[in-house]
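In case you want the letters, here they are:
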Amino acid sequence: MRKRDHNVLTNAASLLVCGLLAGVVVAAAAFPAVAMSGLAAKAGAETFGALPTELTVARAPQISYLLASDGKTPLATMYDENRRDVKLADISPYMQKAIIAAEDHDFYKHNGVDINGVARAFVNNQGDGGRQGASTLTMQYVRLAIAYSATHPADVVAATEDTSARKLREMRLALQVDKEFSKDEILTRYLNLASFGNGAYGIYAASQVYFGKPPSKLKIEEAALLAGMVKAPTTNDPTTEAGYPLAKDRRDYVIQNMVDIKAITQPEADAAKAIELKVLDKRTPNGCVAANVNSWGFFCDYFYRWWMGQETFGSTTYDRERRLKSGGYTVVTSIDVQAQRGADKAVRRAKSENSKEAAMVAVVEPGSGRVRALAVNRQFKLDDPKNPKNKISSDPAKSRKGIRGNYPATVNPLLTGGNGITGYQAGSTFKIFTIVAALEKGIPLSYTINAPQKFESEYIVERGSDAACPGTNKYCPTNSGLKAGGVQNMWSAFAQSINTYFVPLQQQVGAENVVDAAKRLGINFGVSKENDWANDKAAAHDWGAFTLGVSSVTPLDLANSYATLAADGKYCEPIPVQEIKDPDGNKLDIANPRCEKRFSTEVARAAVDAARCPVGDNSSTSKCGSSRTAAVVKGIVDAPVAGKSGTTDSEKTAALVAMTKQYAVAGIMADPDWPQTNVRMLHKEKNGINPPVYETLRDAMIGKDRIQFEPPGQKISEGDQKSIPGVSCISVDQAKSRLKDAGFEPVVSDTKVKSSCPPNTVHGTSPDGRTIKGGVVTIQVSNGGGGATPGTPGGGQPGNTGRPGGRPGG
């Protein structure tokens with residue numbers, strides 16, 4: 001801090017006079033009859049000399065600003081007190097002169113205490129003319145600084161109570177402050193601390209609240225109004241009917257005083273007084289319910305919950321909230337305005353805000369974990385209990401009691417979890433975790449399984465339940481539409497969502513490994529029971545239906561799990577920030593991405609290669625087959641894409657993930673109020689979940705590069721290849737034996753083909769030539785009708801064997 005030179009004799013004289021006056025003031029308060037005695041003066045000098053000379057100055061509460069990822073679009077503001085410190089150079093010279101004209105004409109002349117003013121006040125206060133103050137701007141600053149530095153409520157009271165002792169303490173500290181700081185520094189500190197009413201603390205907030213401009217732009221009449229308010233901001237409140245005329249009178253008084261101190265001329269004053277007093281009365285919004293755009297409140301709330309979980313900002317939640325609302329941070333959040341606006345429109349095109357079904361979409365950036373958008377067809381606000389607008393709950397038990405639901409308005413974290421929100425079933429989107437676990441076990445994408453209509457697994461369930469095979473206690477999944485899947489590889493099975501491919505594949509690699517892959521990809525288990533299973537290998541091993549997506553997940557976690565794969569196996573913790581700066585402009589490391597490599601690049605790329613199939617994309621290595629569950633995504637997004645759809649039993653939820661290299665978008669449609677809903681959640685229809693997902697991705701990708709996914713290597717795609725022995729024109733039993741001996745799994749096609757081989761003998765195999773070691777080889781039986789030459793392919797590639805494929809199961 002810059003110190004000003006002080007004349008030693010002047011300071012000594014000031015201390016002496018203040019000490020003598022102190023004795024007089026104290027004596028006058030306690031013993032009026034001896035107020036002017038020598039004893040009083042002597043006692044006052046001794047008392048004043050013993051007062052503290054060090055002023056502890058704590059930084060006053062500062063407003064924190066939340067901005068979008070572009071660093072300029074406002075998201076929200078959070079504060080205990082609406083204040084933002086500014087430099088003197090950023091305060092209009094008119095404002096600087098106006099506060100001096102209003103409060104302390106001799107500010108630049110005295111040494112912190114106006115001795116003449118103290119004497120005048122003392123003499124005046126002995127009569128009946130009312131109280132007259134003698135506080136300089138420096139003394140007023142001291143009073144404010146003491147109050148803001150107080151650690152106990154009693155200290156705040158002591159700093160503001162109207163007593164002689166307080167005045168003496170202020171005078172003593174003001175003399176010291178005047179030594180340590182320049183006059184400009186004192187003026188700046190005062191203007192940044194003072195209260196201007198209507199929730200505005202400091203000149204920056206005041207100029208925004210009343211005039212909607214920075215303090216550097218304040219005109220004469222505007223500066224005079226604000227300067228006139230600090231003495232009594234409630235009384236002189238220009239936004240109230242009673243305060244308006246008082247504020248105007250006070251403004252004109254200050255303007256005339258500006259003439260007296262030669263800050264302006266009389267013609268300038270006359271012109272300023274003639275201007276009509278107009279103010280905005282625009283209190284600065286506070287918190288997520290007052291976000292710049294209401295629908296962005298869900299993202300804002302996610303940021304708030306994230307902040308409250310960071311120990312960097314304090315050891316307790318109370319400390320963290322105080323840091324957020326008083327720390328004066330500038331937070332550049334990760335919200336992508338283009339993606340967010342696209343998502344907001346998309347979910348509302350699918351479902352209105354008054355719909356019980358929630359269309360929820362989360363967007364995550366692969367490679368950083370930054371959350372780019374969170375959207376749902378809801379208003380972010382509390383329903384007014386005195387005048388409720390929300391619909392009656394869709395839950396019959398609550399409906400009978402007249403309990404209202406959470407639509408159209410709610411502040412529940414529907415997309416991110418917490419406060420009782422544990423997530424929603426996402427169906428077949430979870431099959432990707434089985435693919436990842438299989439790839440890590442060395443099973444390639446070309447691995448084939450003959451997927452039946454119904455598969456009797458080794459998993460134990462309750463005997464007689466809907467999930468059990470008839471008369472057993474074995475878990476017995478089927479395909480959607482009760483159709484067989486035929487011989488499938490990972491590409492084609494994922495494209496068609498064949499349940500009876502993925503349950504046996506999970507059984508082979510171990511469900512506990514599938515659950516572990518999901519966890520490492522970023523899935524959290526919000527349901528207590530499911531979390532216990534996920535963290536107990538024995539329990540996870542028996543979780544037969546896990547691959548079919550029966551566990552609850554939030555849209556955010558689902559998007560992030562796929563983003564890990566798009567980032568070549570690099571997991572990043574979801575974060576809602578890009579940059580955080582403290583009031584001094586220092587960047588905080590807490591905003592940096594928190595990433596780690598959790599999967600090999602080859603495994604991640606192979607999984608993405610399979611995920612391109614369901615959404616209508618292909619790579620140079622993929623063998624997707626002709627049937628896909630969400631084939632339109634590729635054409636609509638017009639970029640390389642990957643993803644997967646998902647549906648649960650009775651279609652109580654519907655899900656879709658679609659991603660590029662830059663964005664992973666996950667959408668879930670469900671009824672958050674009643675998960676057991678009797679409403680059928682849709683996919684492809686305009687009011688289903690698919691359009692909000694691919695429209696969000698489409699809009700987010702406008703203006704972005706089209707980056708290709710890298711295809712996987714041959715080994716992880718094709719595995720160890722072996723030659724298939726020739727079996728043409730021999731018996732089926734002989735062919736099966738020969739194929740088994742060669743290390744393959746033979747299956748017999750139900751459909752006979754035209755062939756020159758004798759009837760009921762083997763025409764050939766599909767595939768023929770070479771295939772993966774241990775893979776399925778389909779035996780094609782001749783009908784003896786002539787036609788194809790033995791040994792030529794008769795059934796095509798896996799996934800197009802002539803057997804009916806299952807209707808998309810999600």
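Structural data are supplied above this passage.
Here's what I pulled together on the structure shown here.

What counts, and where the lines are drawn
- Residues numbered from 1 in each chain as written.
- Predicted model: local features only at pLDDT ≥ 70, side-chain atom pairs only at ≥ 80, totals over all residues.
- Heavy atoms only, no water.
- 1 Å grid on protein atoms, 1.4 Å probe; cavity = no way out; pocket = protein on both sides within 12 Å on 5 of 7 lines; lining within 4 Å.
- Points joined across faces, edges and corners; volume = space filled by probe spheres on them.
- Helix = DSSP H or I, 4+ residues; strand = E, 2+ residues; numbered from the N terminus.
- Nonpolar A, V, L, I, M, F, W, Y, C, P; charged D, E, K, R; others polar.
- Core = buried A, V, L, I, M, F, W, Y, C linked by side-chain atoms within 4.5 Å.
- Buried < 20%, exposed > 50% of the residue type's maximum accessible area, 1.4 Å probe, protein only.
- Contact = heavy atoms within 4.5 Å.
- Polar contact = N/O pair within 3.5 Å; in protein donor to acceptor, adjacent residues only side chain to side chain.
- Disulfide = S-S within 2.5 Å.
- Phe/Tyr/Trp six-rings, centres within 6.5 Å; stacked < 30°, edge-to-face > 60°.

Section: empty space enclosed by the protein
- For the structure shown, the criterion picks out 3 cavities of 30 Å³ or more.
- In this structure, the second largest cavity encloses a volume near 40 Å³.
- Contributing to the lining of the second largest cavity are Phe-298, Asp-301, Tyr-302, Leu-374, Asn-412, Pro-413, Leu-414, Leu-415 and Thr-416.
- For the lining of the second largest cavity, the leading source of residues is helix α13 (residues 297-308), giving 3 residues.
- Per-class residue counts for the lining of the second largest cavity are 6 nonpolar, 2 polar and 1 charged.

Points about the nonpolar core
- Grouped together as the largest cluster of nonpolar side chains are 103 residues, with contacts concentrated most on Trp-307, Ile-435, Tyr-501 and Ile-580.
- For this core, the leading source of residues is α13, giving 8 residues.
- What Ile-435 contacts, discounting residues up to four positions off in sequence, is Leu-445, Met-490, Phe-494, Phe-502, Ala-607 and Ala-610.
- Ranked by size, the runner-up nonpolar core spans 58 residues in total, among them Ala-102, Tyr-210, Ala-227 and Ala-247.

Side note on the environment of Thr-647
- The residue Thr-647 is located in strand β15 (residues 642-647) in this model.
- Between the C-alpha atoms of Thr-647 and Met-669, which are 22 residues apart in sequence, the distance is 9.9 Å.
- Side-chain polar atoms of Thr-647 contact the side chain of His-683, separated by 2.6 Å.

Let's talk about the state of the cysteines
- Scanning the entire structure with this criterion turns up 5 disulfides.
- Paired by a disulfide, Cys-613 and Cys-624 hold their sulfur atoms 2.0 Å apart. On the sign convention where negative means left-handed, the S-S torsion of about -65° between Cys-613 and Cys-624 marks this disulfide as left-handed. With Cys-613 in the loop between α24 (601-611) and α25 (632-637) and Cys-624 in the loop between α24 and α25, this pair connects stretches of sequence that are 11 residues apart.
- Accessibility expressed as a relative area gives 0% for Cys-613, which makes it buried.

Focus: the environment of Ser-216
- For Ser-216, the location among the structural elements is in the loop between α9 (202-211) and α10 (220-229).
- In this structure, the C-alpha to C-alpha distance between Ser-216 and Ser-92, residues 124 residues apart in sequence, is 4.2 Å.
- With sequence-adjacent residues up to four places away left out, Ser-216 is seen in contact with Asp-90, Ile-91 and Ser-92.

Structural notes on the packing of aromatic side chains
- On inspection of all chains with the given rule, the structure shows 15 aromatic pairs.
- Between Tyr-501 and Phe-502, the aromatic rings sit 5.1 Å apart at their centres with planes inclined by 70°, giving edge-to-face as the arrangement. Neither Tyr-501 nor Phe-502 differs from the other in exposure class; each is buried.
- With centroids separated by 6.1 Å and ring planes inclined at 45°, the aromatic side chains of Phe-525 and Trp-543 adopt a geometry described as tilted. Within this pair, whereas Phe-525 is found in the loop between α20 (511-521) and α21 (528-534), its partner Trp-543 is found in the loop between α22 (537-541) and β11 (552-553), the two being separated by 18 residues in sequence.

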